[in-house]
Amino acid sequence: MFERMTMFSMDRPKTVIGLLTLLTVLFGFQFPSITIDADPENMLETDQADRAYYNQIKKEFGINDLIVVGVVDDKDIFRPEALEKIARATSEILKIKGVIIEDVVSPSTTDNVKSKGGLLDIRPVLRDVPRTPEAAAGVRRDIAENPFLNEKIASADGTAVALYVPIKRKDMSHRIAGEIGDILSRELLPGQRYHLAGLPVSEDTFGIEMFIQMGIVAPLAFMLILLIVFVMFRQVAFLVPIALTAMFSVIWAMGLLIGMGFSVHIMSSMIPVFLMPIAILDDIHILSEFFDRYRVLGDKRRALIEAMRPLYKPMLYTTLTSAVGFASLALADIPPVRIFGLFVAFGIGAAWLLALTMVPAVISLMDDDKLKRRLYRADGAPHTMLDRVLKPLGGFAFSRARMVLILGVAAFAFGVVGLSQIQVNDNPVKWFKESHPLRVADAVMNRLFGGTYMAYVVIEGSAPEAVKRPEVVAYIDRMQQDLETDPLVGKTSSVADIVKRINLVLHDNDKAYDTVPETADAVGQFLFLYQSTGDPNDLDNFIDRGARKANIWVQMKGGDNRQMQAVEDKLAAFVQKNPLPKGLSLRWSGLTYINKVWQDLMVVGMLKAVLGSFVVVFALMLFEFRSLTLGTLAMVPLTGSITLTYGLVGWLGKDYNMPIAVCAALTLGLGIDFAIHFLQRFKAHVVESRDVEATIRHMFGEPGRAIARNAIVITIGFLPLTASTLGPYITVGLFFASLMLFCTLATLFILPSALRYVGARTIPERAIPGGAS
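As the structure is a prediction and not an experimental result, all values here were calculated from the model.

**Some thoughts on empty space enclosed by the protein**
No. 1: Counted by the stated rule, this structure contains four cavities of 30 Å³ or more.
No. 2: A volume near 130 Å³ is recorded for the largest cavity.
No. 3: Forming the boundary of the largest cavity are 15 residues, of which Asp65, Leu66, Pro200, Met454 and Leu591 lie nearest the centre.
No. 4: Looking at the lining of the largest cavity, the elements that each hand over two or more residues are strand E1 (65-73), helix H7 (199-233), strand E7 (453-461) and helix H22 (591-625).
No. 5: The class makeup of the residues in the lining of the largest cavity is 10 nonpolar, four polar and one charged.
No. 6: Every element with two or more residues in the lining of the second largest cavity is listed here: helix H9 (271-279), helix H10 (281-297), helix H12 (312-327) and helix H13 (335-364).
No. 7: Each residue belonging to the lining of the second largest cavity can be placed in one class, and the counts come to six nonpolar, three polar and two charged.

So, in structure tokens, the structure goes:
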């Protein structure tokens, strides 16, 4: 059937190319409806328990995504002229569309609780701009004396103030951050500088830059692949089928993804760069075989038929295993990862179809005379540079088989030890380079203030007014004190802070009253005074309307998953030692916590996907080769390269993050490609020659050249990712190039060495004279 497809493409090349082009245009029509999504929350199912709970508490406590704005003045921010600029800038920021005005936390908008003449005086610390240095110093003193405000809206050293700007939707954060930047650039004094931080703006900015990088890196990879192919074959005409297959497969995959209504997430944005090197693997094999055979035969049709005949089966099985490897990501619990895997699998299938049809059709249209002048050699094909490398390499691997295998086992053991040292960790802010303004802002803001990474602890009672009980408020206070002993926790805020502050100021700032009152009536009265005297909305962030739930804000100075886990473990230890009051329960939430949840799910999901696809790929190998020996050998380069590369991650102390986790499943689809071609061609030749050593020599001729050419393309083809400004792209580029390099080395060294000892078992008995019939 496959040969008939090839023959049809050769006989009707223009028809085939026209139909494939038309289909590509139809897929391309979907691109204008593309949508971008870089929100890690969407890494979880909408009904996933932690995500659903986070959405619930956001509604109950009026919690919104925040942009954290810092203004730094090395002289002293508490000068009249500096505070006037801050007040004016804050007023302008409140006018930005999408900002939730009533919830902005800043010196100009956030209430400070004081007493005056025996009465509560609740008003913003910067309600009136000070006109004298003494008045400005008073503003600083008011903030420093209020634990609720100190290191939240002003740094302890007096050089910076912070604004927490809530926004209606996370996808507005990049625009709003840009408008805030414009305002501050106009309003600030010379010598003052501003920073914008927080997960929402980082994630939305990543989405914007991801779209830009997709438009830069993909064409760069495409140009590099064409350059490599030209260097290999020195034939401009050979670039045409490569270019068409790469472009068409990417357009088909992305067009189908967009047409089905899926957003482009960080994972799916990598589809073009991943798919292009993969898509042309079969093309390289065909062109390599055709290149070598035409130089001997000088007959285009005959050379093409003879080139493709031994490739149909290995091409089919490499396509199946690659597609299975990527499709295995559908087992993951993370929707964008599932989408990525399934559509890359579709693109691989499309590339296989294009290799069987487009490549023969394009070759058929090539000018015979030009091909003969450039390729045909009546005295036989000359040796190439690859021949000068591969033939000695094959001889070495076979003759020094024991040494090669010992080194291979040692490398595998090295990788296993490294695997035990891997640490799972990620942080969306670290997806940017260290020099990026968001990374700089993250470092500065978390040094000066309580923290830009927000998490929440929700205490829930079983009855109304449960969290107004004095023992509950006191328990929350003790919990906060314990959390703040952790250097990772810069600040916590809750209803307990409000109650203690009112109790203190009503007793003339007597430190003996900096506690939670002992009666429920006193707690209720203090909260009533706070709501009636100040802004009633201020309390809504910390206690729900029925007083069944209390929300504790936890500001962290780092947003790594390991850091979030460490804080979570600290709280768990506190609760174990100090059990919750009767009838209460506790639960974490918040964006920093959600990021940790999806990271944990990703690790489990990737492990499940890798193990599942490993079993399926192994079963395919057994079915293809009908041999336990060859089937097992086919898995050796793959298993060894994954173990060694991930072991290096552990040895180097690199975090096991989302990009690295996904690479394992991708390697299952690609890493076995070289082994299939090597062993399939070995099996076919050894049956005829019945000589393992002669077959190995044959394998390091044309089959070895095709494998080496593919290895060069796919290894170097991922390197353009390292030109990106985004960390995940760089990680995937370097990591995957390393993986493919190790796969290539294992195929060309380990397999021939192993076949020296077990190759004879692969010769069917019926092929041996005198054997069983």
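**Some remarks on the sheet that holds E7**
To summarise the sheet geometry, strands pair through backbone hydrogen bonds and adopt either a parallel or an antiparallel arrangement.
No. 1: On the basis of which strands lie adjacent, the open sheet formed by four strands has the order E8-E9-E7-E10 and antiparallel pairing. Strands at the two margins of the open sheet, each flanked by one partner only, are strand E8 (489-493) and strand E10 (584-589). This sheet shows a mean twist of 20° between the axes of neighbouring strands, independent of strand direction.
No. 2: Most of the contacts of H22 go to E7, to which it runs at about 95°, and overall it touches E7, strand E9 (549-556) and E10.

**Here's the deal with the sheet that holds strand E4 (residues 160-167)**
No. 1: Ordered in space as E4-E1-E5, the three strands form an open sheet in which the pairing is antiparallel. Both outer strands of the open sheet, E4 and strand E5 (192-197), are each paired with one neighbouring strand and no more. Adjacent strand axes in the sheet meet at a mean angle of 20°, parallel and antiparallel pairs treated alike.
No. 2: By the bridge criterion, eight bridges tie E1 to E4 in an arrangement that is antiparallel. Within the sheet, the bridge partner assigned to Asp65 lies in E4 and is Ile167.
No. 3: Across the sheet, helix H6 (residues 173-187) lies against E1, E4 and E5, angled at about 20° from E1, the strand it touches most.
No. 4: Here helix H17 (residues 437-448) sits on the sheet in contact with E1, E4 and E5, set at roughly 100° to E5.

**Concerning the confidence of the model for the chain**
No. 1: Here the chain averages 86 in pLDDT, while 94% of its residues score no lower than 70.
No. 2: Here residues 767-773 is a poorly scored stretch, pLDDT under 50, and it has eight contacts once near neighbours within four places are set aside; other chains count.

**Here's the deal with the nonpolar core**
No. 1: Among the nonpolar cores identified, the biggest contains 247 residues, and Ile67 and Ile180 are the most heavily contacted of them.
No. 2: In terms of residue count, the dominant contributor to this core is H13 (17 residues).
No. 3: Ignoring sequence-local partners within four residues, the contact set of Ile67 consists of Leu163, Tyr164, Val165, Ile167, Ser173, Ile176, Ala177, Ile180, Leu196, Ala197 and Val201.

**Some words on the layout of surface pockets**
The gaps of empty space that remain are located by a probe, the size of a water molecule, rolled over the atoms.
No. 1: If you add up the space inside the largest pocket, you get close to 680 Å³.
No. 2: Lys654, Asp655, Asn657, Ile660 and Thr731 are, among the 27 residues lining the largest pocket, the residues nearest its centre.
No. 3: Looking at the lining of the largest pocket, the elements that each hand over two or more residues are helix H23 (628-652), helix H24 (658-670) and helix H28 (727-758).
No. 4: If you tally residues by element for the lining of the largest pocket, the top one is H28, at seven residues.
No. 5: For the lining of the largest pocket, the per-class residue count stands at 11 nonpolar, eight polar and eight charged.

**Things to note about the pattern of salt bridges**
No. 1: Following the criterion strictly, the structure yields 26 salt bridges and no others.
No. 2: A salt bridge links Asp11 to Arg301; the nearest nitrogen and oxygen atoms lie 3.1 Å apart. With Asp11 in helix H1 (residues 2-11) and Arg301 in helix H11 (residues 300-308), this residue pair connects regions lying 290 residues apart in the sequence.
No. 3: Ionic pairing is found between Glu203 and Lys170, a salt bridge with its closest N-O pair at 3.2 Å. Here Lys170 lies in the loop between E4 and H6 and Glu203 lies in helix H7, a separation of 33 residues in the sequence.
No. 4: One connected set of salt bridges, linked through shared partners, spans Glu289, Arg293, Arg302, Glu306, Arg681 and Glu702.

**Regarding the packing of H10 against helix H27 (residues 702-717)**
No. 1: Orientation of H10 relative to H27, taken along the N-to-C sense of each, is 140°, at an axis distance of 9 Å. Considering the angle they form, H10 stands oblique to H27. The two elements H10 and H27 cross, and the hand of that crossing is right-handed. Contact with H10, carried on its side by Leu281, Ile284, His285, Ser288, Glu289, Phe291 and Asp292, involves Glu702, Arg705, Ala706, Ile707, Arg709, Asn710, Val713 and Ile714 of H27 and no other residues of that element.
No. 2: Looking at the contact of H10 with H27, its residues break down into seven nonpolar, three polar and five charged.

Reading the values: the criteria
Residues numbered from 1 in each chain as written. Predicted model: local features only at pLDDT ≥ 70, side-chain atom pairs only at ≥ 80, totals over all residues. Heavy atoms only, no water. 1 Å grid on protein atoms, 1.4 Å probe; cavity = no way out; pocket = protein on both sides within 12 Å on 5 of 7 lines; lining within 4 Å. Points joined across faces, edges and corners; volume = space filled by probe spheres on them. Helix = DSSP H or I, 4+ residues; strand = E, 2+ residues; numbered from the N terminus. Nonpolar A, V, L, I, M, F, W, Y, C, P; charged D, E, K, R; others polar. Pairing = 2+ DSSP bridges. Axes fitted to C-alpha atoms, helices over the stretch in contact; angles between N-to-C directions. Contact = heavy atoms within 4.5 Å. pLDDT = per-residue confidence, 0-100. Core = buried A, V, L, I, M, F, W, Y, C linked by side-chain atoms within 4.5 Å. Buried < 20%, exposed > 50% of the residue type's maximum accessible area, 1.4 Å probe, protein only. Salt bridge = Lys/Arg side-chain N within 4 Å of Asp/Glu carboxyl O. Parallel < 35°, antiparallel > 145°, perpendicular 65-115°, else oblique. Left-handed = near helix turned anticlockwise from the far one by under 90°.

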